[in-house]
Amino acid sequence: MRRNSLYLIYFVIALVFVSCAKIGTPTGGAYDREAPKQREANPKNNSTNFKSNGFEIEFDEYIELSNTSEELIISPPLKNKPTIKAHLKKLKVNWTDTLAENTTYIFDFGSSIIDFTEGNKVSNFIYSFSTGNHIDTMEYKGRVKQAYTLNNVKGKYVMLYKSEDRDIIRKEKPNYLTRTDSLGRFTFKNIAEGNYQIIMLDDKNQNLLYDLPTEGLAFSNTRVSATNYTKPKQDTINQVPIAPKPEQIDNIFYFFEPKDTTINLSSSKLISAHHLQLIFSNPTTDSLNLKFSFPPIKTEDSTQVFIQYNSNKDTLDIWSMEHRFDTLKLDIKDLSLKETIELYYIKPRREIIKDTFSFILPKQPLAYFSEFLLELPFPIHKDSAHFKALSIRDNDTLEIEFSPYPLSPLFVKIDHRFEQGSTQRIKIEQGVVRNRLSQVNDSISFDLTIDKESDYGNFYLTIEDSLFEGNNYILILEDLKQNPLKTLFASNKEKVKFSNLKEGNYKIRLIIDANNNKKWDYGNYDQSILPEKIIYYNKPINIRKNWDVEETWILKNEE
């Protein structure tokens, strides 16, 4: 009995302990996911006849400020930065400026006001007041896109000016100011009735002036008008409000970076003891002058040097035929570019100077419509002529001929057209080709596969244009990542053909070539020239093997 009584006492004590522990366990409460809310403002929001030099706003919980210098936009801008403080539940703003008469001011805090404990942001918090006897209620909305890519432009200033002086953007801050969001959209609220000059600016020095040549911008050559969206027009028949149409509020402006035509030397390196590569920041011009101080090379003498430009003329490869580039000193001049470089070739530890070289093979399979070229690592000797090789297919051997490629001394080509869909083995003996270092080729044996016309599709496109009739167009075929693949030029109602396309999806970019110079042109604010119009075809082009696709593109106003 004594042992059972003792167990009972232990059980009662344990039960009491567990019960007490449950009573004292903290839960932490529900997680606060709500942003602070405004309780009151002094003076009240949207006050008129405002005479104060600041305002206070009280929230329903403790707040702090985050990145106010970037987030806060004051419109019209103040000359001096205001003092902004968060203390407990209050936001306090003060300034020293004298406010303009009869003007509505907007303080847009963006997402800079946050919950002190949980970090919840107050989104797009705005405080407004008027120094006159009424609050302006007009609005203007729009969107900014990159002029060439048509991607949305995020975080750029948008400015409105009452003045008709186009040079005002370089001299004075705007009358109204806002910023584009992540979708490139912007909204001016509480602006005065009237029309305005508008500009979007990448304000690199943050002074609200267009005063740097590197600042990108978008602009309109016509003034824009404020609209009262809060008072929709009435349907005179049914007497109901008519909502504004999307095209009325989604005004699109095209942003472009200024074109930097300065030519600088970006890179210079010795690829080998006979091969120099120069890379420039922009395409070189016909004024480019290269003068070797050492070694004593005359660049105009093709027996001493071979120079090859890339398609954009911003990269030069220079091969020295006679001298090694162990030590190199070169003067480079082009327009404003004037530079001298000195380079030293450091011989690799395991470099072996050979009497032979190896051909560089092309990618396979070879397109049925292309020339078959073998690349040399160094220009072919000027006295090199045609040479023979063997093609072996299904135990049949055919003698074929190679010759120096007339467009570049870095290639030889097969003077033979192989059957589509065929594979053959090519054999080239050693020593049939000599380069300008007096090296001869190694023997080589490789399989060559030719694809078929049926492996490709074709795309036919006709433009029917009543908007830009008389202009010419640049049509650029792109992959889905906007990488350009082929470019054609067309006029209105002309059918063009993009031939031999691999199976897959493509996009078509159309440029209205207003000046018919066969390239896209930037805008120019001082000359009131907008960037050339770019339009994307509104659906992907699906190409299948051995299939033709034909489309007619009718250009319409909404584009």
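No experiment lies behind these values; they were computed from the predicted model shown.

1. Remarks on the sheet that holds strand E23 (residues 289-294)
Spatial strand order, E23-E26-E27: 3 strands in an open sheet with antiparallel pairing. Edge positions in the open sheet fall to E23 and strand E27 (337-344), since each of these has one partner strand only. For this sheet, the mean angle separating the axes of adjacent strands, direction not counted, is 20 degrees.

2. Details of the pattern of salt bridges
If you walk through the whole model with that rule in mind, you get 19 salt bridges. A salt bridge links Glu-58 to Arg-39; the shortest N-O distance between them is 4.0 Å. With Glu-58 in strand E2 (residues 54-59) and Arg-39 in strand E1 (residues 38-42), this pair connects stretches of sequence that are 19 residues apart. For Arg-39, a relative accessible area of 52% puts it in the exposed group. Measuring nitrogen to oxygen at the nearest pair gives 2.9 Å for the salt bridge that ties Asp-526 to Arg-170. Taken together, the residues span a long stretch of sequence, with Asp-526 in the loop between strand E40 (504-513) and strand E41 (534-536) and Arg-170 in the loop between strand E12 (157-161) and strand E13 (176-179) at a distance of 356 residues.

3. Details of the sheet that holds strand E8 (residues 113-115)
The sheet built from 3 strands is open, its strands ordered E3-E8-E9 with antiparallel pairing. Both edges of this open sheet fall to strand E3 (63-65) and strand E9 (121-122), since each of them pairs with a single strand only. Bridging between E8 and E9 involves 2 bridges; their strand directions are antiparallel. Along E9, the bridge assignment pairs Ile-114 with Lys-121.

4. Overview of the confidence of the model for the protein chain
When pLDDT is averaged along the protein chain, the result is 89, and 90% of the positions lie at 70 or above. Between residues 6-28, whose pLDDT stays under 50, and residues either more than four places distant or in other chains, the model counts 0 contacts. Across residues 232-249, confidence stays below pLDDT 50; counting only partners more than four residues off in sequence or on other chains, it has 17 contacts.

5. Topic: the nonpolar core
Of all hydrophobic cores here, the largest spans 24 residues; its most connected members are Phe-359, Phe-402, Ile-428 and Leu-448. Broken down by secondary-structure element, the contributors of at least two residues to this core are strand E30 (387-393), strand E31 (396-404), strand E32 (411-414), strand E33 (423-428) and strand E35 (444-449). With 3 residues, the top contributor of residues to this core is E35. Core analysis: the next-biggest nonpolar cluster, separate from the first, contains 23 residues, Tyr-157, Ile-199, Ile-474 and Ile-476 among them.

6. Remarks on the packing of aromatic side chains
Counted according to the given criterion, the structure contains 32 aromatic pairs. Considering the side-chain rings of Tyr-210 and Tyr-525, the 6.2 Å spacing of their centres and the 80 degrees angle between planes classify their relative orientation as edge-to-face. With a gap of 315 residues between them, Tyr-210 in the loop between strand E15 (195-201) and strand E16 (217-219) and Tyr-525 in the loop between E40 and E41 connect regions that are remote in the sequence. Within the aromatic cluster, the residues linked to one another by ring pairs are Phe-50, Phe-55, Trp-95, Tyr-105, Phe-107, Tyr-127 and Phe-129. The ring of Phe-489 carries Lys-518 above its face, with NZ or CZ at 4.5 Å from the centroid.

7. Remarks on the side chain of His-274
When you line up the elements, His-274 lands in the loop between strand E21 (265-272) and strand E22 (275-280). Among the residues examined, His-274 registers a relative accessible area of 13% and is labelled buried. There is a polar contact of 3.2 Å between the side chain of His-274 and the backbone oxygen of His-323. When neighbours within four sequence positions are excluded, His-274 is seen to be in contact with Ile-318, Trp-319, Ser-320, His-323, Arg-324, Phe-325, Phe-378 and Leu-437.

8. A closer look at unusual backbone geometry
Residue Asn-42 is joined to Pro-43 through a cis peptide bond whose omega torsion reads -10 degrees. Relative to the assigned elements, Pro-43 resides in the loop between E1 and E2. One non-glycine residue with positive phi stands out, namely Asn-500, at about 55 degrees. Here Asn-500 shows up in strand E39 (residues 495-501). On the accessibility criterion, Asn-500 (17% relative accessible area) is buried. Here Ser-528, not a glycine, exhibits a phi torsion of approximately 55 degrees, which is positive. Along the polypeptide, Ser-528 turns up in the loop between E40 and E41.

The rules behind each value
- Residues numbered from 1 in each chain as written.
- Predicted model: local features only at pLDDT ≥ 70, side-chain atom pairs only at ≥ 80, totals over all residues.
- Heavy atoms only, no water.
- Pairing = 2+ DSSP bridges.
- Helix = DSSP H or I, 4+ residues; strand = E, 2+ residues; numbered from the N terminus.
- Axes fitted to C-alpha atoms, helices over the stretch in contact; angles between N-to-C directions.
- Salt bridge = Lys/Arg side-chain N within 4 Å of Asp/Glu carboxyl O.
- Buried < 20%, exposed > 50% of the residue type's maximum accessible area, 1.4 Å probe, protein only.
- pLDDT = per-residue confidence, 0-100.
- Contact = heavy atoms within 4.5 Å.
- Core = buried A, V, L, I, M, F, W, Y, C linked by side-chain atoms within 4.5 Å.
- Phe/Tyr/Trp six-rings, centres within 6.5 Å; stacked < 30°, edge-to-face > 60°.
- Lys NZ or Arg CZ within 6 Å of the ring centre and 35° of its normal.
- Polar contact = N/O pair within 3.5 Å; in protein donor to acceptor, adjacent residues only side chain to side chain.

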